[in-house]
Structure formats: C-alpha cells, structure tokens
Amino acid sequence: MKKLLLVIFLIPTLLFSGNDNFHIGGRATGMGNTGLCISDVWAIRYNQAALADVSSVSFGASYESRFLLQSLGIQSLAVAIPTKRGTFGFNYTGVGDKLYRESKIGLGYGMQLSEKVNLGIRLNYHSLNLGNNYGRYQNLTFEIGFLAKPTKNIQIGFHLFNPTQSKLNEYQNEEIPVIMNLGMAYKFSEKVTGNVEIEKDIDLPFSLKVGLEYFPMETLYVRAGIVANPSMPTIGFGIAKRNFKLDFSSAFHPVLGITPSLGLRYKL
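Residues numbered from 1 in each chain as written. Predicted model: local features only at pLDDT ≥ 70, side-chain atom pairs only at ≥ 80, totals over all residues. Heavy atoms only, no water.

1. With respect to the nonpolar core
- Formed by 22 residues in total, the largest nonpolar core has its most connected members in Trp42 and Leu51.
- Those elements that place two or more of their residues in this core are α2 (43-46) and β2 (73-82).
- In terms of nonpolar packing, the next biggest core, distinct from the first, is built from seven residues, Tyr137, Phe161, Leu168 and Ile179 among them. (Core = buried A, V, L, I, M, F, W, Y, C linked by side-chain atoms within 4.5 Å. Buried < 20%, exposed > 50% of the residue type's maximum accessible area, 1.4 Å probe, protein only. Helix = DSSP H or I, 4+ residues; strand = E, 2+ residues; numbered from the N terminus.)

2. A look at the side chain of Glu213
- By the element assignment, Glu213 lies in strand β12 (residues 207-217).
- Looking at Glu213, its side chain comes within polar contact range of the side chain of Arg27, at 3.0 Å. (Polar contact = N/O pair within 3.5 Å; in protein donor to acceptor, adjacent residues only side chain to side chain.)

3. So, a nonpolar patch on the surface
- Residues Ile156, Leu182, Met184, Tyr186, Phe188, Val196, Ile198, Phe206, Leu208, Val210, Leu212 and Ile226 make up a contiguous nonpolar surface patch of about 1000 Å² in total accessible area.
- At the level of elements, β10 (179-187), β11 (192-201) and β12 are the ones that each hand at least two residues to the nonpolar patch. (Patch = residues over 30% accessible without salt bridge, like charges linked within 9 Å, V, L, I, M, F, W, Y side chains within 5 Å. Areas by Shrake-Rupley, 256 points an atom, 1.4 Å probe, with all protein chains shown as cover. Salt bridge = Lys/Arg side-chain N within 4 Å of Asp/Glu carboxyl O.)

4. Some thoughts on the environment of Tyr63
- Position of Tyr63 relative to the elements: it lies in strand β1 (residues 58-65).
- When its relative accessible area of 34% is taken as the criterion, Tyr63 is described as partly exposed.
- Put simply, Tyr63 and Asn153 are 90 residues apart on the chain and 31 Å apart in space, counted from C-alpha to C-alpha.

5. Things to note about the environment of Tyr46
- Summarising the element assignment, Tyr46 is placed in helix α2.
- By relative accessible area, Tyr46 is classed as buried at 6%.
- Here the alpha-carbon distance between Tyr46 and Leu208, two residues 162 residues apart in the chain, equals 16 Å.
- Ignoring anything within four residues of it in the chain, the contact list for Tyr46 reads His23, Ile24, Ala28, Thr29, Asn33, Gly35, Leu36 and His159. (Contact = heavy atoms within 4.5 Å.)

Here you go:
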C-alpha cells in the first residue's frame, strides 16, 4: 500500500518537476525547513547571502532518507571558504538510483554590502539521468539571496531559485521549479531562536513554515517546526563537540510517513 501511495504522490513530481531544490543539512530540516537566516555551511543551499557571516572554513555532509526508501535518498556535501571580501561556497546534492538520478552542483558567493545587509548568488549545473537508455538532460540555473539585520535580534531573508524558469528539456517539459522564500528570524534570548518563512513554488500554493531552536546547554540543541501545505511536523536535535556538530531531524508526512535526516558540520 505504501509503494502504491508513493507512486500516486511522487511520480507526477518526478516527471514534471525534476531537480527540485531539496532541503538538506539536518539543522534547518528539524526547524520546519526554515533556513533563510541561518549562517552556517548549509547557507550555500538556503540563502547564499547568509554565507557572508560564516567566519571559518567549514564542511558539511548530510543524508536524508525520504519516506525510508533507499531509492529516494538525498546525499549532499558542502564547503564554505571565507575571504577578505566575502565567502565562497560549494555544494553537491544527489537523489535517486541508477534508474532515475538527479544531481545539482552549485558554486555560490555571499558578501556584506553593509553592516546590516548581505547579498548572495549561486550558479547551478543540473543533471537528470534516466536509466535503460531513456536519456540524460542538463541545464544551468542561478539563485539570488538577501539578508537584512535591522536590529540585533531580528534578521529578514529573501531567496529566489531559478528566476529565469530554466527547464531541463523543453520538448518533454522536464521542469526545474521556480521557488521564492521570504522569512524572518527572531532571537528571543541567547538560548532560543524562532524562524517563520513563506515559500511559493510558482506552480503550487503558498506554504507556511515555522521553526524553533532551543540551546539548553553548551553541547545540545533541540529543534521543532511545522510545514503547512502539506501539514508536516518536524523535530530534531544537535550535538556539539569542539568543532564538530551532529544534526538529526525527522519529518512526518500524514500519508507517506517518516523522513529522517542526518547532517555533520565541521569548521576549522
């Protein structure tokens, strides 16, 4: 029954919205997929403008098991390298198996325009491989992000993915989605931060996302969130040990079930 439901819900997405901008990393996914205002190595995915606030060379690796199916597993690697003028980022993300494989390689850059405003961009190479000689398609997209810090406790982020509406294949309508995100982070205290974001895929209704991160002790983070449309709660935690941070999260789809995610971050 679960496999039948997956066919009904996922096959249309795979056929008409290839190379989605998947949520990765383990930290933001535990907070309802809210990552616009998080300045760590995974900013290369969520908002390249936040890369500008990464002060150390950082590495990230993550794996997400979508609905506990190996064929839908998402693997991702990321690197952030600060310079005097800004921070460069590199990211690889892949999903699927030998019969259906999507991948995205991206190079991004974030810089501070002023003390309160950051700008970021990213260029992507997308590839879709279909097994049994059904073909291979590729194309380029770009992203742009902004991050404003009007006060010490408030950050406002905006991110636009694929504004040129690039497609993998015009003839077979292999689309790459156009996705906009607008959100805010509020720091309630040194131990509690809340995020709220609105996401809009131009082919889908608006989705509201809310997340919370609690830092009860030096080595532990606790996270929770919810995604609307479809309604999907998320939970997670993080463990910090010296320069390493391990992030675990899990999302719960009302029909398709659980999606666990594991991420590792390391900074020099």
